[in-house]
Amino acid sequence: MIGYQCLVCGKEFAASFDGYVCSACGGNLDVRYDLADIAKRLDRDAPFLGGRTDQFKYAALMPLDSIDSAPPLRVGATPLYPVPRLGALASLTNLYLKDEGLNPSQSFKDRASAMIIARARETGVRVVAGASTGNAGSSMACMSAAAGVSCVVFVPETAPPAKIAQLLIYGARVLAVRGTYDDAFDLCARICEEKGWFNRNTGFNPFTREGKKTASFEICEQLDWHAPDRVIVPTGDGNIISGIWKGMKDLYAIGLIDRLPRIDCAQAEGSAAVSRAIDALRHSGDIPTGSDWSRVKVQPVQAQTCADSIAVDDPRDGLAAVRAVIESGGEAVTASDAEILDAIREVARHTGVFVEPSCACAWAGLRKLAEAGRVDPDQRIVCLMTGCGLKDIQNARKVAGDPITIDADLDAALAALNGP
Ligand SMILES: Cc1ncc(COP(=O)(O)O)c(C=O)c1O
Ligand SMILES: [Zn+2]
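Every value quoted in this text rests on a predicted model; they were computed, and no experiment measured them. (Residues numbered from 1 in each chain as written. Chains lettered and ligands numbered in written order. Predicted model: local features only at pLDDT ≥ 70, side-chain atom pairs only at ≥ 80, totals over all residues.)

(A) Broad picture of the overall build of the chain. A tally of regular secondary structure across the chain gives 15 helices and 13 strands. Here the C-alpha radius of gyration of the chain, 21 Å, is about what a compact globule of 420 residues would show, namely 22 Å. When the 420 residues of the chain are sorted by exposure, 53% land in the buried category. Residue pairs at least 24 apart in sequence account for 72% of intrachain contacts in the chain once pairs closer than 6 positions are excluded. (Helix = DSSP H or I, 4+ residues; strand = E, 2+ residues; numbered from the N terminus. Rg over C-alpha atoms; globule rule 2.2 N^0.38 Å. Buried ≥ 20, exposed ≤ 12 C-beta atoms within 10 Å, placed from the backbone. Contact = placed C-beta atoms within 7 Å.)

(B) Local environment of the site of ligand 1. The local shell around ligand 1 holds 21 residues, among which Asn135, Gly236, Asp237, Thr386 and Gly387 are the closest. Those elements giving two or more residues to the shell around ligand 1 turn out to be helix H4 (135-147) and helix H9 (239-253). (Near = placed C-beta within 6 Å.)

(C) Structural view of the environment of proline 82. The topology assignment puts proline 82 in strand S4 (residues 80-82). Judged by local crowding, proline 82 falls into the partly exposed class, with 13 C-beta atoms found within 10 Å. Considering only alpha carbons, one finds proline 82 and proline 104, 22 residues apart in sequence, at a separation of 22 Å.

(D) Layout of the sheet that holds strand S11 (residues 262-268). With respect to topology, 6 strands assemble into an open sheet ordered S4-S5-S13-S10-S11-S12, the strand pairing being mixed. Looking at the sheet topology across the chains shown, the edges are occupied by S4 and strand S12 (332-335). Adjacent strand axes in the sheet meet at a mean angle of 25° when their direction is disregarded. Where strand S10 (residues 230-234) and S11 come together, 5 bridges link them in parallel fashion. When the sheet's bridge partners are listed, arginine 230 is paired in S11 with arginine 262. Taken strand by strand, helix H10 (residues 273-284) contacts S11 and S12, and its axis lies near 125° from that of S11. (Pairing = 2+ DSSP bridges. Axes fitted to C-alpha atoms, helices over the stretch in contact; angles between N-to-C directions.)

(E) Main features of the nonpolar core. Formed by 125 residues in total, the largest nonpolar core has its most connected members in Val233, Cys361 and Cys383. Among the elements that line this core, the one with the most residues is helix H13 (residues 357-371), at 9 residues. (Core = buried A, V, L, I, M, F, W, Y, C linked by C-beta atoms within 7 Å.)

(F) Looking closely at H9. If you check H9, its first and last C-alpha atoms are 21 Å apart, about what 15 residues at 1.5 Å a residue would give, namely 21 Å. H9 sits mainly inside the fold: 12 of its 15 residues count as buried. Along its buried surface, H9 packs onto helix H1 (35-41), helix H7 (207-212), helix H8 (214-222), S10, S11 and helix H11 (318-328). Residue glycine 255 follows H9 closely and has a positive phi angle near 80°. (Expected span 1.5 Å × (residues − 1).)

(G) Up close: the sheet that holds strand S9 (residues 198-199). Read across the sheet, 4 strands follow the order S8-S7-S6-S9 without closing on themselves; strand pairing throughout is parallel. Two strands in the sheet have a free side with no partner beyond their single neighbour: strand S8 (173-177) and S9. Relative to S9, strand S6 (residues 127-131) runs parallel, the two sharing 2 bridges. Its bridge partner being in S9, valine 128 is matched across the sheet by phenylalanine 198.

(H) Structural view of H4. Its 13 residues give H4 an end-to-end C-alpha distance of 18 Å, which sits within 8% of 18 Å, the value for a rise of 1.5 Å per residue. The element H4 is largely enclosed, with a buried count of 11 among its 13 residues. On its buried side, H4 packs onto helix H3 (110-122), S6, strand S7 (150-156) and helix H5 (161-169). Residue glycine 148 follows H4 closely and has a positive phi angle near 75°.

(I) Unusual backbone geometry, seen in detail. A positive phi angle, close to 55°, is found at aspartate 224, a residue other than glycine. Locating aspartate 224 in the fold gives a position in the loop between H8 and S10.

(J) Structural view of the packing of H8 against H9. For the pair H8 and H9, interaxial distance at closest approach is 7 Å and the crossing angle is 55°. Overall, the two elements H8 and H9 adopt an arrangement that is oblique. Taken as a pair, H8 and H9 cross one another with a handedness that is right-handed. Each of Thr214, Ala215, Ser216, Phe217 and Cys220 in H8 lies in contact with H9, whose residues at this interface are Ile244, Gly247, Met248 and Leu251. Looking at side-chain class alone, the contact of H8 with H9 contains 6 nonpolar, 3 polar and no charged residues. (Parallel < 35°, antiparallel > 145°, perpendicular 65-115°, else oblique. Left-handed = near helix turned anticlockwise from the far one by under 90°. Nonpolar A, V, L, I, M, F, W, Y, C, P; charged D, E, K, R; others polar.)

(K) The pairing of S12, seen in detail. Neither face of S12 is open: one carries Ala332 and Thr334, the other Val333 and Ala335, and all of them are buried. Looking at chain direction, S11 and S12 are connected through 4 bridges and run parallel. Within S12, the residue paired with glutamine 267 across the bridge is threonine 334.

Written as structure tokens, this is what we have:
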């Protein structure tokens, strides 16, 4: 790591900079590396750490002095499944699911939380805090428990009960906010400043992206160091999608992949600030070409969707998300809540992978892109499934159907099975 660059105005900072965000404009910072030097030293036959299977095998491209600071849980190393039956529903011939629900706390967020906890341990931090729609917090609680670090989570009191149960069982101090995720985010920032806690808030803390990008490393490694053609990412704050793009760019810069994929953004119709900004920017034709993107604004919305993980008024890494889609030539697509709920069932029944509503939004969005002819059906497409379906069973039950109750008449119940 050699420093930071502001994703909004392009200003650069040395590695010794100790703020979270750009001191000139308040924009989020991107961690920078000497990629030419990393490329020079890379053993192309065994590019990453042997003897390790989790995301920390990619430590050469992470801001850590030693992987000994990583929590002792297996983060990442999640499967990339070919899913031809799901793909066939939209005439896609080469579709994969990356099943991130198999992380220790059952969501993609473990990649960021493990990175943050490792960083906290290296810098001697005693308390880590963060705001969360649920998954970032439960993952931070999980990683903190594994590493023996104190953790405080600010969460909207309306978060799904499974996520709140996770927070509590791992022993996090939990503050339930009578308000939205955005309220929790702002309150967390204020208290961290007052108390000197390490603030894990998504996007605001530049190291979350550095954990999230490892999913791209894994995807390409699982495809024998070939980039997919597209990756479709469920998007709220926009930090996951910006991490996916960053990971692809890192691999391209060090020569492990020979082209870059398109990165597509899927959002709920009722929480689509990033998609709207992308559409508006493309419509205006006034797309920045250098590192100063300060004239591009992401306007907040009043988020309303059943997909709680991607319900965000003011995306906290919104500009980075817009840049990921625009720079990669990707698409922005939205899905209604009804489409998202149907997609939970569709993914489960055609792949055996049970996902929470946010991920179903990625499949619903991809299906719409395919049906509108906006993606090439033979392209190698990865749909990022960021969280396990057991995180939110209330929504799944709306589309799962009901069991047939056996009353007095067993034969009638068996007949009602209507099949086997
Ligand atoms: C399961 C899941 N998918 C997608 C997202 C969206 O990520 P981001 O807010 O970085 O866009 C989240 C964020 O909480 C999540 O928990
Ligand atoms: Zn700036």
